[in-house]
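Take a look at the letters that make up each chain.
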Amino acid sequence: MQARKRILGIDPGTGILGFGVIEVDGKGRTQMVDAGVIRTPVKEDDAVRLQTIYEELSDIIVATKPDIMSVEKLFFSQNVTTAMTVAQARGIVLLCGKQNALEIFEYTPQQIKMAITGYGRAEKKQIQEMVRVILGLKQVPQPDDCADALAAALTHAQSMR
């Protein structure tokens, strides 16, 4: 394995977008650098919400200096409206990553579950607990979107080994 790498994991969403930055050292050990969520007001116009995501994510990238972006792929949703807005947020995320010269990797929810728990149908709570254990955290990162973003980052860290 190479020198240290910083990975920015993203759990895309329009109302709440989770992010998690981890650092992987030359021996494959991981530690959390930063994690949280970007929130946008539900009643706000979509264009304004997407602009907020773009601006805040750009600030996070500048502040944490990741090398790689790991994004959860959109899975089929029964609610077409929700799927469309999440797809728009994903587009903003991918654009932001490219504009900041990040290598971008995408993983399905099943790939993330498999990488984190060894089981492709793991429950959300199992994933969150494994994120806590792998990163040596005292508590599960909150909200769920934040833990999901860290799981996306950890999935790519595992694929680098």
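We now turn to the structure provided with this report. (Residues numbered from 1 in each chain as written. Predicted model: local features only at pLDDT ≥ 70, side-chain atom pairs only at ≥ 80, totals over all residues. Heavy atoms only, no water.)

## Observations concerning the environment of Gln 158
Among the secondary structure elements, Gln 158 is positioned in helix H5 (residues 144-160). Considering only alpha carbons, one finds Gln 158 and Gln 142, 16 residues apart in sequence, at a separation of 22 Å. Those residues in contact with Gln 158, other than ones at most four positions away along the chain, are Ala 115 and Ile 116. (Helix = DSSP H or I, 4+ residues; strand = E, 2+ residues; numbered from the N terminus. Contact = heavy atoms within 4.5 Å.)

## Remarks on the nonpolar core
Nonpolar side chains tend to gather and get buried jointly when the protein is soluble and globular. Among the nonpolar cores identified, the biggest contains 19 residues, and Ile 7, Ile 22, Ile 116, Val 131 and Leu 135 are the most heavily contacted of them. Within the residue set of this core, elements represented by two or more residues are strand E2 (16-24), helix H3 (109-117), helix H4 (124-135) and H5. A total of seven residues in this core trace back to one element, the largest contributor, which is H5. When neighbours within four sequence positions are excluded, Ile 116 is seen to be in contact with Ile 127, Met 130, Val 131, Ile 134, Ala 151, Leu 154, Thr 155 and Gln 158. (Core = buried A, V, L, I, M, F, W, Y, C linked by side-chain atoms within 4.5 Å. Buried < 20%, exposed > 50% of the residue type's maximum accessible area, 1.4 Å probe, protein only.)

## So, the environment of Gln 142
Of note, Gln 142 is situated in the loop between H4 and H5. Here Gln 142 falls in the exposed class, since its relative accessible area comes to 54%. The spacing of Gln 142 and Asp 11 is 131 residues in sequence and 13 Å in space, taken between C-alpha atoms.

## With respect to the pairing of strand E3 (residues 30-39)
Looking along a regular strand, one sees side chains alternate from face to face of the sheet. Of the pairings in the sheet, the one linking E2 to E3 comprises nine bridges and is antiparallel in character. In the strand pairing of E3, Leu 17 is matched with Ile 38. The hairpin formed by E2 and E3 contains five residues between the paired strands, and Gly 28 there has a positive phi angle of roughly 85°. (Pairing = 2+ DSSP bridges.)

## A few points about the side chain of Thr 14
Checked against the element boundaries, Thr 14 lands in the loop between strand E1 (5-11) and E2. Sequence-distant contacts of Thr 14, defined by excluding residues within four places in its chain, comprise Thr 40, Arg 49, Ile 53, Thr 85, Val 86 and Ala 89.

## Points about unusual backbone geometry
Here the bond from Gln 142 into Pro 143 is cis, since omega is -10°, no more than 30 degrees from zero. One non-glycine residue, Ala 101, adopts positive backbone phi at about 60°. On the secondary structure map, Ala 101 appears in the loop between helix H2 (80-99) and strand E5 (103-107). Overall, the relative accessible area of 67% leaves Ala 101 in the exposed class.

## Here we look at the sheet that holds E3
Ordered in space as E3-E2-E1-E4-E5, the five strands form an open sheet in which the pairing is mixed. Whereas interior strands pair on both sides, the edge strands pair on one side only; in this sheet they are E3 and E5. Here the strands of the sheet are splayed against their neighbours by 20° on average, with no regard to which way each runs. The pairing of strand E4 (residues 68-72) with E5 spans five bridges and is classified as parallel. Within the sheet, the bridge partner assigned to Met 69 lies in E5 and is Ile 104. (Axes fitted to C-alpha atoms, helices over the stretch in contact; angles between N-to-C directions.)

## Considerations on the pattern of salt bridges
Going through the model one piece at a time under the given rule, you end up with six salt bridges. Between Arg 90 and Glu 106 there is a salt bridge, with the nearest N and O atoms lying 2.0 Å from each other. Highlighted residues: Arg 90 in helix H2 and Glu 106 in strand E5, separated in sequence by 16 residues. Overall, the relative accessible area of 11% leaves Arg 90 in the buried class. Residue Glu 106 is classed as partly exposed on the basis of its relative accessible area of 33%. Taking the shortest distance from any N to any O, the salt bridge between Lys 124 and Asp 148 comes out at 2.6 Å. (Salt bridge = Lys/Arg side-chain N within 4 Å of Asp/Glu carboxyl O.)

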